[in-house]
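Chain by chain, the residues run as shown.
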Amino acid sequence: TVDGGTYATNGIGSPAIYSTANVSVANATLNSTASEGAVIEGLNTISLTNTIINNSNTELNGNSETYKNIFIYQSMSGDAEEGTGTFIAKNSTLNESHGDNFFITNTTAKITLENNKFNNTSDEFVFLKAASGKWGNSDSNGGNVTLIATNQNLKGDFVIDNVSSLSLTLEQGSYL
């Protein structure tokens, strides 16, 4: 649990948050210059409240296939129990300069967003991608996502491949 402060990571493969547990961050600024802003592996949770994530990554580490700010996956390495990865953000700002806002692969994810700001200056503006990747077994390693947005503006493309799924709920003035 983090309340307040400014935190920075500068190493390849070093996101501002890497969750193999339940992580809660409030009233903080997180900066990542050479990795994702936040990563959830397996049956774990990241919850943000009044938090800013600034991701300016321009280098892929050895296992990354795409640039992304929030990454939810199951690596099958044994360091995280399999299950639904949960990302919750309320009254927060997520800034991405070089990739997708969300990328989900080889797992099930639940994303709950309320009253956040998303700023993405990437040339290819993908809000959410659920697709097969390097992890898991081919043809069954997509991302299965439930996204619930409350009082939330969602802008950008949604890319869902043939082994993935998206259930999208827009509530209380949310729009795409």
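This write-up is about the structure you can find in this document.

Conventions used here
The written sequence of each chain sets the order in which its residues are numbered from 1. Totals for whole chains, interfaces and linings use all residues, but because this is a predicted model, local features are given only for residues with pLDDT of at least 70 and pairs of side-chain atoms are given and counted only at 80 or more. To obtain the side-chain values, all non-hydrogen atoms of the structure were included, while hydrogens and water were left out. Counting from the N terminus, the helices are the DSSP runs of H or I reaching at least four residues and the strands are the DSSP runs of E reaching at least two. Each radius of gyration is computed over the set of C-alpha atoms, and the globule rule expresses the reference value as 2.2 Å times the number of residues to the power 0.38. Remark: exposure states derive from per-residue accessible area (1.4 Å probe, protein chains only) relative to the maximum for the residue type, with buried under 20%, exposed over 50%, and partly exposed in between. Note: two strands are recorded as paired if DSSP finds a minimum of 2 bridges between them. Think of each axis as a best-fit line through the C-alpha atoms, taken over the contacting stretch in the case of a helix, with angles from 0 to 180 degrees between the N-to-C directions. Using only the protein atoms, space was sampled on a 1 Å grid; points where a 1.4 Å probe fits but cannot get out form cavities, open sets with protein on both sides within 12 Å along at least five of seven lines form pockets, and lining residues are those with an atom within 4 Å of a point. Grid points are joined across faces, edges and corners, and a volume is the space filled by probe spheres set on the points. The classification used treats Ala, Val, Leu, Ile, Met, Phe, Trp, Tyr, Cys and Pro as nonpolar, Asp, Glu, Lys and Arg as charged, and all other residues, Gly among them, as polar. What makes a salt bridge here is a side-chain nitrogen of Lys or Arg within 4 Å of a carboxyl oxygen of Asp or Glu, nothing more. Here, two residues are considered to be in contact whenever any of their heavy atoms come within 4.5 Å of each other.

### Comments concerning the overall build of the chain
Then, in step 1: A count of helical and extended segments in the chain gives zero helices and 18 strands.
Then, in step 2: What you see for the chain is a C-alpha radius of gyration of 15 Å, in line with the 16 Å of a compact globule of 176 residues.
Then, in step 3: C-alpha extents for the chain along the principal axes are approximately 40 × 35 × 30 Å.
Then, in step 4: Counting across all 176 residues of the chain, residues that qualify as buried make up 47%.

### Details of the sheet that holds strand β8 (residues 52–55)
Then, in step 1: Ordered by their spatial adjacency, five strands build an open sheet running β2-β5-β8-β11-β14, and the pairing between neighbours is parallel. Edge strands, defined here as strands with exactly one partner in the open sheet, are β2 (6–9) and β14 (117–120). Between one strand and the next, the sheet's axes are offset by a mean angle of 10°, whatever the strand orientation.
Then, in step 2: Pairing analysis gives four bridges linking strand β11 (residues 93–96) to β14, with the strands arranged parallel. Each residue of the ladder has a partner; that of Leu 94, found in β14, is Phe 118.

### What about empty space enclosed by the protein?
Then, in step 1: A complete count under the given rule lists one cavity of 30 Å³ or more for this structure.
Then, in step 2: Computed from the structure, the largest cavity encloses a volume of approximately 30 Å³.
Then, in step 3: Lining of the largest cavity is provided by Ile 12, Gly 13, Ala 34, Ser 35, Glu 36, Asn 57, Glu 59, Leu 60, Asn 61 and Ser 64.
Then, in step 4: Of the residues contributing to the lining of the largest cavity, the split by class is three nonpolar, five polar and two charged.

### Some words on the pattern of salt bridges
Then, in step 1: Applying the stated criterion across every chain, the model contains two salt bridges.
Then, in step 2: Of the charged contacts in the structure, one is a salt bridge between Glu 36 and Lys 68, with a shortest N-O distance of 3.2 Å. On the criterion of sequence distance, the pair formed by Glu 36 in the loop between β5 (29–32) and β6 (38–41) and Lys 68 in strand β9 (residues 68–73) is long-range, its members being 32 residues apart. Across the pair, exposure class does not vary: Glu 36 and Lys 68 are buried alike.
Then, in step 3: Residue Lys 129 is joined to Asp 100 by a salt bridge in which the shortest nitrogen-to-oxygen separation is 3.6 Å. Of this pair, Lys 129 sits in strand β15 (residues 126–130) while Asp 100 is found in strand β12 (residues 100–105), placing the two residues 29 residues apart along the sequence.

### Here's the deal with the pairing of strand β7 (residues 45–49)
Then, in step 1: Burial analysis of β7 places four of its five residues in the buried class, which makes it a mostly covered element.
Then, in step 2: As paired strands, strand β4 (residues 22–26) and β7 are joined by five bridges and run parallel to one another. Bridge pairing in β7 places Ala 26 opposite Thr 49.
Then, in step 3: Two strands pair when backbone bridges link them, and β7 and strand β10 (residues 85–90) are joined in this way by five bridges, in the parallel orientation. When the sheet's bridge partners are listed, Ile 46 is paired in β10 with Phe 87.

### Here we look at the environment of Asp 157
Then, in step 1: Tracing the backbone through its elements, the reader meets Asp 157 in strand β17 (residues 157–160).
Then, in step 2: Overall, the relative accessible area of 48% leaves Asp 157 in the partly exposed class.
Then, in step 3: With 132 residues separating them in the primary sequence, Asp 157 and Val 25 have C-alpha atoms 27 Å apart.
Then, in step 4: Once residues lying within four places of it in the same chain are set aside, the contact partners of Asp 157 are Phe 125, Val 126, Phe 127 and Leu 128.

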